[in-house]
Amino acid sequence: MVTEVLDVRHVALVAQYADMLQIGARNMQNFSLLREAGESGKPVLLKRGLAATVDEWLMAAEYILLTGNDRVVLCERGVRSFDSATRNLLDLTVIPLLRQITHLPVIVDPSHGTGIARLVGPMALAAIAAGADGLLVEVHPEPRAAASDGAQSLRPTEFAELMRNLPEVARAAGRSTRSRTFLSV
């Protein structure tokens, strides 16, 4: 189970129950939180900040790595753009770049990256083709009734279809079909 931790005072409590701690985009540069999450010994999922450069993102990961915790996963979730047609601009060019300059695994969150459910599947497939190690996809049985982020949530049937298509895209891109999917409900 992956869950977001927002405050240094909550890291120890959350670490007791979660398998992985998530540092969200708005906390990517909360250096005290990064250090505390790293010191928890739990794997840390570090989402890219809304306007963060690749160097800033990697330097944030360094705060975690400096604690001796080498279990850091980078998550591309889109950056701000001048265009309001989508929630964010999902930067898939960063995937092959990161695979060349860091040893850290890279996953993609096409749900937050687009903010539009009908775009999640195509962008998820593109992320795997570009080399992503996994995906974080929001799923809800009734997206219109979701307390938050319903517009970007897939229905379970849509998610199942995406999962059926992922291995074919991975094989076509010369990738292993062992990519992991992190499910956010």
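Residues numbered from 1 in each chain as written. Predicted model: local features only at pLDDT ≥ 70, side-chain atom pairs only at ≥ 80, totals over all residues. Heavy atoms only, no water.

Engineer: Tell me about the environment of F82, and please be specific about residues and values.
Structural biologist: If you trace the backbone, F82 turns up in the loop between β4 (72–76) and α4 (94–101). Overall, the relative accessible area of 85% leaves F82 in the exposed class. Through-space distance from the C-alpha of F82 to that of A37 is 33 Å; in sequence the pair is 45 residues apart. (Helix = DSSP H or I, 4+ residues; strand = E, 2+ residues; numbered from the N terminus. Buried < 20%, exposed > 50% of the residue type's maximum accessible area, 1.4 Å probe, protein only.)

Engineer: Can you tell me about unusual backbone geometry, naming the residues and giving the values?
Structural biologist: Glycine aside, the phi torsion of most residues is negative, and most peptide linkages are trans. One non-glycine residue, D149, adopts positive backbone phi at about 60°. Mapped onto the fold, D149 is located in the loop between β6 (134–138) and α7 (156–172). For D149, a relative accessible area of 27% corresponds to the partly exposed category.

Engineer: Lay out a nonpolar patch on the surface with the relevant residues and their values.
Structural biologist: There is a patch of nonpolar side chains on the surface, built from M1, L13 and Y17 and spanning about 380 Å² of accessible area. Along the polypeptide, Y17 turns up in helix α1 (residues 11–17). (Patch = residues over 30% accessible without salt bridge, like charges linked within 9 Å, V, L, I, M, F, W, Y side chains within 5 Å. Areas by Shrake-Rupley, 256 points an atom, 1.4 Å probe, with all protein chains shown as cover. Salt bridge = Lys/Arg side-chain N within 4 Å of Asp/Glu carboxyl O.)

Engineer: Report on the pattern of salt bridges, specifying residues and quantitative values.
Structural biologist: In the structure shown here, the tally under the stated rule is six salt bridges. With a shortest N-O distance of 2.6 Å, R9 and D7 are connected by a salt bridge. For R9, a relative accessible area of 67% translates into the label exposed. The salt bridge partner of D91 is R48, with a shortest N-O separation of 3.0 Å. Here D91 is found in the loop between β4 and α4, whereas its partner R48 is found in the loop between β3 (44–47) and α3 (54–65), with 43 residues between them in sequence. Among the charged side chains, a salt-bridge network with shared partners connects R48, E76 and D91.

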